[in-house]
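So you can see what is in the structure, the chains are spelled out below.
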Amino acid sequence: MRRASFAWTTAVAAVAAIAVTAVPASAGQAGQAGEIGEIGHGTPGTGEILPYPGQEGLIWIPDWIGDGGAVTGGAYTAGPPVTVTVGCRGGSGGAGEVRVTFTPYYGDTTPVEFTVPCPAEAVDRGSAVVTAEQGRSFHVGVKASAPDVHWGLTVTQPDA
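The rules behind the values
Residues numbered from 1 in each chain as written. Predicted model: local features only at pLDDT ≥ 70, side-chain atom pairs only at ≥ 80, totals over all residues. Heavy atoms only, no water. Core = buried A, V, L, I, M, F, W, Y, C linked by side-chain atoms within 4.5 Å. Buried < 20%, exposed > 50% of the residue type's maximum accessible area, 1.4 Å probe, protein only. Helix = DSSP H or I, 4+ residues; strand = E, 2+ residues; numbered from the N terminus. Pairing = 2+ DSSP bridges. Axes fitted to C-alpha atoms, helices over the stretch in contact; angles between N-to-C directions. Salt bridge = Lys/Arg side-chain N within 4 Å of Asp/Glu carboxyl O. Contact = heavy atoms within 4.5 Å. Phe/Tyr/Trp six-rings, centres within 6.5 Å; stacked < 30°, edge-to-face > 60°. Lys NZ or Arg CZ within 6 Å of the ring centre and 35° of its normal.

Here we look at the nonpolar core
Here is step 1 of the chain: Within the largest apolar cluster, 26 residues are counted, with the highest numbers of intra-cluster contacts made by Val-86, Val-98, Trp-151, Leu-153 and Val-155.
Here is step 2 of the chain: Counting residues per element, the ones that place at least two in this core are β2 (57–66), β4 (82–89), β5 (96–104), β6 (112–118), β7 (124–130), β8 (137–144) and β9 (150–156).

So, the sheet that holds strand β3 (residues 68–73)
Here is step 1 of the chain: Here four strands make up an open sheet; going across it, the order is β3-β8-β5-β6 and the pairing antiparallel. Of all the strands in the sheet, just β3 and β6 have a single pairing partner and so form its edges. Between one strand axis and the next, the sheet turns by 15 degrees as a mean value, whatever way the strands run.
Here is step 2 of the chain: For β5 and β8, the ladder comprises seven bridges, and the chain directions are antiparallel. Bridge assignment links Phe-102 to a residue of β8, and that residue is Val-140.

Description of the pattern of salt bridges
Here is step 1 of the chain: On inspection of all chains with the given rule, the structure shows two salt bridges.
Here is step 2 of the chain: Put simply, Lys-143 and Asp-67 hold a salt bridge, and the shortest N to O gap is 3.0 Å. Here Lys-143, found in strand β8, pairs with Asp-67, found in the loop between β2 and β3; they are 76 residues apart in sequence, far enough to count as distant.
Here is step 3 of the chain: By relative accessible area, which is 31% here, Lys-143 ends up partly exposed.
Here is step 4 of the chain: For Asp-67, a relative accessible area of 9% puts it in the buried group.
Here is step 5 of the chain: The residue Glu-133 makes a salt bridge to Arg-136 at a minimum N-O spacing of 3.2 Å.
Here is step 6 of the chain: Its relative accessible area of 27% is what places Glu-133 among the partly exposed residues.

Considerations on the side chain of Thr-85
Here is step 1 of the chain: Mapped onto the secondary structure, Thr-85 falls in strand β4.
Here is step 2 of the chain: In contact with Thr-85, not counting residues within four places along its chain, are Leu-50, Gly-126, Ser-127, Gly-152, Leu-153 and Thr-154.

Overview of the packing of aromatic side chains
Here is step 1 of the chain: Within the structure shown, the criterion is met by two aromatic pairs.
Here is step 2 of the chain: Here Tyr-52 and Trp-60 contribute two aromatic rings whose centre-to-centre distance is 5.3 Å and whose plane-to-plane angle is 75 degrees, an arrangement assigned as edge-to-face.
Here is step 3 of the chain: The ring of Tyr-106 carries Arg-136 above its face, with NZ or CZ at 3.6 Å from the centroid.

Brief notes about the sheet that holds β4
Here is step 1 of the chain: Taking strand neighbours across the sheet as the criterion, the five strands line up as β1-β2-β9-β4-β7 in an open arrangement whose pairing is antiparallel. Taken across any chain shown, the strands that pair with only one partner, and hence form the sheet edges, are β1 (42–44) and β7. Mean inter-strand twist for the sheet, computed between neighbouring axes without regard to direction, equals 25 degrees.

Here it is in structure tokens:
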């Protein structure tokens, strides 16, 4: 049942990624990690930093440039844990990094944060695993160290 709604959930996530990134941070705005206002402008890329996650996928953003994120839900609360994976590649200025903040709205709502180094000529990946309850509804923010850093995002949950 959940897998049948994957395309719809992914479409919502992609639209949310675009909507979230359309909210620029004000000059000098401090903001807390994970706040939507902290996420600046970004644009869709034309490549594929991370491949399609298959049947386990809840979200797939294949390529985004600059800051962005997604807001969605869809995990089985009694199912296996949810894995958040971000892959990235540095921009024209060379290597960079992305800071990922996963903010769950259920269960333990403490944000899960990790940083992924982005080599200039390759793709590096980083992941975090959260409980199914935390993956039920969430916001994932990705803050790039430079406006031309490319990144991809998957959120997956294996079938129970």
